[in-house]
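For reference, the chains in residue letters:
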Amino acid sequence: MKLYYANGSGLGHLTRTLAVIHTLQLNQEPILLFTASDHTDCLRLPKNVEIVKIPAYFANNQRSYQNWLCEQIEFHQISEVYIDAFPCGIVGEWNNFPDYIKVDFYHIGRVLNWQNYERLEINRPPSFKATYLLENVDPKHKRFLQIHSQELITLDLSYPPAALNRKERELVNTIFSISDKPIWLIVHSEPQEEVKQLCAYAIEISQIENVQPYFVIISQTKPFRSITSNILWMNLYPAFPMFDKADRIFSACGFNVMQQTEMYKEKHMFLPFQRHYDNQFLRAKKRNFEQKRRKSIEPPE
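What counts as what
Residues numbered from 1 in each chain as written. Predicted model: local features only at pLDDT ≥ 70, side-chain atom pairs only at ≥ 80, totals over all residues. Heavy atoms only, no water. Helix = DSSP H or I, 4+ residues; strand = E, 2+ residues; numbered from the N terminus. Rg over C-alpha atoms; globule rule 2.2 N^0.38 Å. Buried < 20%, exposed > 50% of the residue type's maximum accessible area, 1.4 Å probe, protein only. Contact = heavy atoms within 4.5 Å. Areas by Shrake-Rupley, 256 points an atom, 1.4 Å probe, with all protein chains shown as cover. Phe/Tyr/Trp six-rings, centres within 6.5 Å; stacked < 30°, edge-to-face > 60°. Expected span 1.5 Å × (residues − 1). Lys, Arg positive; Asp, Glu negative; His and termini not counted. Salt bridge = Lys/Arg side-chain N within 4 Å of Asp/Glu carboxyl O. Polar contact = N/O pair within 3.5 Å; in protein donor to acceptor, adjacent residues only side chain to side chain. Pairing = 2+ DSSP bridges. Axes fitted to C-alpha atoms, helices over the stretch in contact; angles between N-to-C directions. Arc of directions from axis to C-beta. 1 Å grid on protein atoms, 1.4 Å probe; cavity = no way out; pocket = protein on both sides within 12 Å on 5 of 7 lines; lining within 4 Å. Points joined across faces, edges and corners; volume = space filled by probe spheres on them. Nonpolar A, V, L, I, M, F, W, Y, C, P; charged D, E, K, R; others polar.

K.L.:
How should I be thinking about the overall build of the protein in this particular structure?
P.N.:
Assigned secondary structure in the protein consists of eight helices and 12 strands. Computed over the C-alpha atoms, the radius of gyration of the protein is 21 Å, within 12% of the 19 Å expected from 2.2 N^0.38 for a compact globule of 301 residues. Taking the principal axes of its C-alpha atoms as reference, the protein extends roughly 65 × 45 × 35 Å. A buried classification covers 51% of the 301 residues belonging to the protein. Sequence separation of 24 or more characterises 65% of the internal contacts of the protein that already satisfy a separation of 6 or more. Surface accessibility of the protein: about 15,700 Å² in total, with carbon and sulfur atoms responsible for 48%.

K.L.:
I keep staring at the packing of aromatic side chains and nothing clicks. Help me out?
P.N.:
One pair of aromatic rings is described through two measures. These are the centre distance and the angle between the planes. Applying the stated criterion to the full structure yields 20 aromatic pairs. Relative to Phe105, the ring of Phe97 has its centre 6.1 Å away and its plane inclined at 80°; by these criteria the two rings are edge-to-face. Taking the relative accessible area as the measure of exposure, Phe97 reaches 5% and is therefore buried. Taking the centre distance of 5.4 Å and the plane angle of 85° together, the rings of Tyr117 and Tyr277 count as edge-to-face. Highlighted residues: Tyr117 in helix H3 (residues 114-117) and Tyr277 in the loop between strand S12 (268-270) and helix H8 (280-297), separated in sequence by 160 residues. For the pair Tyr117 and Tyr277, one class covers both residues: buried. An aromatic cluster is defined as three or more aromatic residues linked by ring pairs; in this entry it consists of Phe34, Tyr57, Phe58, Tyr65 and Trp68.

K.L.:
Explain helix H1 (residues 11-24) to me, please; I cannot follow it from the model alone.
P.N.:
Structural remark: α-helix, 3.6 residues per turn; residues separated by three or four positions point the same way. Between its terminal C-alpha atoms H1 stretches 20 Å, which fits the 20 Å expected from 14 residues at 1.5 Å a residue. Burial runs high along H1: 10 of the 14 residues are buried. Every buried residue of H1 is listed here: Leu11, His13, Leu14, Thr15, Arg16, Thr17, Leu18, Ala19, Val20 and Ile21. Those residues of H1 hidden inside the fold are in contact with strand S1 (2-5), strand S2 (31-35), strand S3 (49-53), strand S4 (80-84), strand S5 (104-109) and helix H7 (255-260).

K.L.:
Is there a simple way to think about the side chain of Glu93 in this case?
P.N.:
Relative to the helices and strands, Glu93 is located in the loop between S4 and S5. Buried within the structure, Glu93 lacks any salt-bridge partner; its nearest side chain of opposite charge belongs to Arg110, at an N-O separation of 12 Å. Separated by 2.5 Å, the side chains of Glu93 and Tyr5 make a polar contact. Ignoring sequence-local partners within four residues, the contact set of Glu93 consists of Tyr5, Asn7, Gln62, Tyr65, Gln66, Leu69 and Cys88.

K.L.:
Could you clarify how one ought to interpret the sheet that holds S3 in this entry?
P.N.:
Adjacent strands of a sheet pair through backbone hydrogen bonds, lying either parallel or antiparallel. An order of S3-S2-S1-S4-S5-S6-S7 is seen for the seven strands of this open sheet, with the pairing classed as parallel. In this open sheet, the two edge strands, each paired with only one partner strand, are S3 and strand S7 (152-154). Between one strand axis and the next, the sheet turns through 20° on average, direction left out of account.

K.L.:
Is there a simple way to explain the sheet that holds strand S11 (residues 248-251) in this structure?
P.N.:
Read across the open sheet, the five strands follow the order S10-S9-S8-S11-S12; overall the sheet is parallel. Bordering the open sheet on either side are strand S10 (231-234) and S12, each of which pairs with just one other strand. Along the sheet, successive strands turn relative to each other by an average axial angle of 20°, direction set aside. Pairing geometry for strand S9 (residues 214-218) and S10, over four bridges, is parallel.

K.L.:
Before we go on, may I ask you to explain helix H5 (residues 166-178) in this structure?
P.N.:
In a regular helix each residue adds 1.5 Å, so 13 residues correspond to 18 Å; H5 covers 18 Å between its end C-alpha atoms and thus fits that length. Along H5, the residues classified as buried are Glu168, Val172, Ile175 and Phe176. The arc that holds the buried residues of H5, viewed along the axis, is 85°, so those residues lie on one side. Facing away from the buried surface of H5 by more than 90 degrees, the exposed residues are Arg166, Lys167, Ser177 and Ile178. If you follow the buried residues of H5, they end up packed against strand S8 (183-187), S9 and S10. The opening residue of H5 is Asn165, an N-cap whose side-chain oxygen sits 3.2 Å from the backbone nitrogen of Lys167.

K.L.:
Could you clarify how one ought to interpret the layout of surface pockets in this entry?
P.N.:
The gaps left among the atoms become clear once a water-sized probe is rolled over them. By volume, the largest pocket amounts to about 880 Å³. Together, 37 residues line the largest pocket, and Gly10, Leu11, Gly12, Ser189 and Gly254 are the ones closest to its centre. Contributing elements (two or more residues each) for the lining of the largest pocket: H1, H7 and H8. No other element matches H1, which puts five residues into the lining of the largest pocket. Roughly 740 Å³ of internal volume is contained in the second largest pocket. Lining the second largest pocket are 30 residues; nearest its centre among them are Leu134, Glu135, Met258, Gln259 and Glu262. A total of six residues in the lining of the second largest pocket trace back to one element, the largest contributor, which is H8. Classifying every residue of the lining of the second largest pocket by side-chain character gives 16 nonpolar, four polar and 10 charged.

Honestly, that's just the spatial picture; any functional story needs more than this.
Now the structure itself:
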């Protein structure tokens, strides 16, 4: 049996997990998804995937946390462990992991705020049979992964097809069929304060461009009162089925939304937000650089 370890509070870790499982076809046999996220109800799990909730109190007791992980690996007879994002875990729970646990470890690497993550005093992660890199990372981060991995493999992620139910599909189709205004999406799961900032940003852009769009907020937070009445609030997951027909997409710079908007760069506008371990500003910088570079080499009309 396989274990996929995605310990992060947000929806992004779970979204990336399902994409990795889909891309690598890890669920050809039973796989346990370990997570502490409160968003598991949003997921429509593929076959052979079962969720195991990580007890919240382990965050303050690393030794108990590591003992519990060892017990789980032995009890479920785990043969492969896939560790998402944090090579030594979110609080160092995989650091100096006991050598008597004989499993193959794999790492799923994405951008980290490496300067902050280093402060966990990580020094001996599991020896990874392979690290799958999903995006270019900080040079120090990459060097760390090279030292502790037998090989680094660049992985082009493929997201599973959206499994919307009938009501969700009908709602999405209705929005695009009856509106006589441009549809501007505002996509952000949480927190509410950041959704408000993205909403204000989109409204400001509409005023600058003298456009009167219909705003559709896709979020898992509670609705709030806005300065405009042209807003529909949807708790839709996943959101990307709406990207193709939308006239504009506003979002933060989390891993998944930047991946999913790669083919919609011309209509995607974004704001990076501060995170302790993620680095949304680096993703924003890379996307801006790519767009400027592409425009600089386009032939004149």
